[in-house]
Amino acid sequence: MLMLDAYNVLHCSYVLPDRYAMVDPAGLCEMIRSSGLSARGGNGGAVVVCDGAPKPHERSDDGGGGVDLVYAGPGRDADTLLEQMIARDTAPRQLIVVSNDRRIRRAARRRRAGVLDSQVFLRRLAGSMRGSRRFAMPEKPTPSETNAWLKEFGYDAEVPDKAEPDDDTQTRHWMREFGFDDEP
């Protein structure tokens, strides 16, 4: 069973590839679900614990797939809730607690739970998601697909089937487009 200090983990998202870097707690749950990390090691499952209550702009999570998103409650912090969850767990040696917070790591070690650095966890998560179709990078559209979308949005320009112009040509085009001379 995985227990994650959500915001502690998300503050280390710089270790993730760019396409995952702006993930929120619900997105982290989706990534864990799709990676299969929550299903490994007997008990399976994961709990992602957040401070306070969900913010109005945050997506909710359905809790399916063995990954639960839990908020500590208004005015409460995730660290206190994580400590309580670790203390109450009936099989702490089967826990893997993911956090860089010393307080949480100490609580986990007292109960002989496994401890994993947030950066290490995120690297493993990204590595296990390489084969995931849900989070894979989309393929570049073909010229005919691009033309179809241009028409859909009211543009009649045809996209040539040749390579894109070099950077200097594009720079000069956009400089003219925004009213700047391309001469120094």
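Colleague: Give me the lowdown on the pairing of strand E3 (residues 67-71), citing residues and values where you can.
Modeller: Alternating positions in E3 separate cleanly, Val67, Leu69 and Tyr71 being buried on one face and Asp68 and Val70 remaining unburied on the opposite face. Sheet topology places strand E2 (residues 46-50) next to E3; five bridges connect them, and they run parallel. When the sheet's bridge partners are listed, Val47 is paired in E3 with Asp68.

Colleague: Could you give an account of the sheet that holds strand E1 (residues 2-5), with specific residues and numbers?
Modeller: Consider a sheet: its strands pair through backbone hydrogen bonds, and that pairing is either parallel or antiparallel. The parallel open sheet is built from five strands, whose spatial order is E3-E2-E1-E4-E5. Among the strands making up the open sheet, the edge pair consists of E3 and strand E5 (114-116). Direction aside, neighbouring strands of the sheet carry axes that sit 20 degrees apart on average. Across the face of the sheet, helix H4 (residues 102-110) comes into contact with E1, strand E4 (96-98) and E5 while running at roughly 155 degrees to E5. Helix H5 (residues 118-128) contacts E1, E4 and E5 of the sheet and is inclined by roughly 80 degrees relative to E5.

Colleague: For the nonpolar core, give the residues involved together with the corresponding values.
Modeller: In terms of nonpolar packing, the biggest core is built from 29 residues, with Leu4, Leu28, Ile32, Val48, Phe121, Leu122 and Leu125 touching the most fellow members. Per element, the largest residue contribution to this core is five residues, and it comes from helix H2 (residues 25-35). With near-sequence residues (within four places) excluded, Phe121 lies in contact with Leu2, Leu4, Val9, Ile32, Leu37, Val98 and Leu116. One finds Leu81, Met85, Ile86 and Ala108 within the second-largest nonpolar core, a separate group that totals 15 residues.

Colleague: Quick rundown of a nonpolar patch on the surface? Include the residues and the values.
Modeller: A cluster of nonpolar side chains, namely Trp174, Met175, Phe178 and Phe180, defines an oily patch on the protein surface of about 470 Å² accessible area. Turning to its location among the elements, Phe180 is positioned in the segment after helix H7 (167-177). Accessibility expressed as a relative area gives 51% for Phe180, which makes it exposed.

Colleague: Describe in detail the environment of Ala53, supporting the description with residues and values.
Modeller: Considering the arrangement of structural elements, one finds Ala53 in the loop between E2 and E3. With 23 residues separating them along the chain, Ala53 and Arg76 place their C-alpha atoms 8.4 Å apart. With residues up to four places along the chain from it excluded, the contact list for Ala53 reads Tyr71, Gly73 and Pro74.

Colleague: Residues and numbers for the pattern of salt bridges, please.
Modeller: Summed over the entire model, instances satisfying the criterion amount to three salt bridges. The residue Asp77 makes a salt bridge to Arg103 at a minimum N-O spacing of 3.7 Å. Taken together, the residues span a long stretch of sequence, with Asp77 in the loop between E3 and helix H3 (78-88) and Arg103 in helix H4 at a distance of 26 residues. With its nearest N and O atoms 2.8 Å apart, the salt bridge here joins Arg105 to Asp117. Taken together, the residues span a long stretch of sequence, with Arg105 in helix H4 and Asp117 in the loop between E5 and H5 at a distance of 12 residues. Assessed through its relative accessible area of 16%, Arg105 is described here as buried.

Colleague: Explain the side chain of Ser35 to me, using residue names and the numbers behind them.
Modeller: Tracing the backbone shows Ser35 in helix H2. A polar contact is formed between the side chain of Ser35 and the backbone oxygen of Ile32, at a distance of 2.8 Å.

Colleague: Let's hear about the packing of H2 against H5: which residues, and what values?
Modeller: Interaxial distance between H2 and H5 falls to 9 Å at its minimum, and their mutual angle equals 55 degrees. In terms of axis orientation, H2 runs oblique to H5. Crossing geometry of H2 relative to H5 is assigned as left-handed. Contact residues: H2 offers Leu28, Met31, Ile32 and Ser35, while H5 offers Phe121, Leu125 and Ser128. Here the contact of H2 with H5 is built from residues that sort into five nonpolar, two polar and no charged.

The rules behind the values
Residues numbered from 1 in each chain as written. Predicted model: local features only at pLDDT ≥ 70, side-chain atom pairs only at ≥ 80, totals over all residues. Heavy atoms only, no water. Buried < 20%, exposed > 50% of the residue type's maximum accessible area, 1.4 Å probe, protein only. Helix = DSSP H or I, 4+ residues; strand = E, 2+ residues; numbered from the N terminus. Pairing = 2+ DSSP bridges. Axes fitted to C-alpha atoms, helices over the stretch in contact; angles between N-to-C directions. Contact = heavy atoms within 4.5 Å. Core = buried A, V, L, I, M, F, W, Y, C linked by side-chain atoms within 4.5 Å. Patch = residues over 30% accessible without salt bridge, like charges linked within 9 Å, V, L, I, M, F, W, Y side chains within 5 Å. Areas by Shrake-Rupley, 256 points an atom, 1.4 Å probe, with all protein chains shown as cover. Salt bridge = Lys/Arg side-chain N within 4 Å of Asp/Glu carboxyl O. Polar contact = N/O pair within 3.5 Å; in protein donor to acceptor, adjacent residues only side chain to side chain. Parallel < 35°, antiparallel > 145°, perpendicular 65-115°, else oblique. Left-handed = near helix turned anticlockwise from the far one by under 90°. Nonpolar A, V, L, I, M, F, W, Y, C, P; charged D, E, K, R; others polar.

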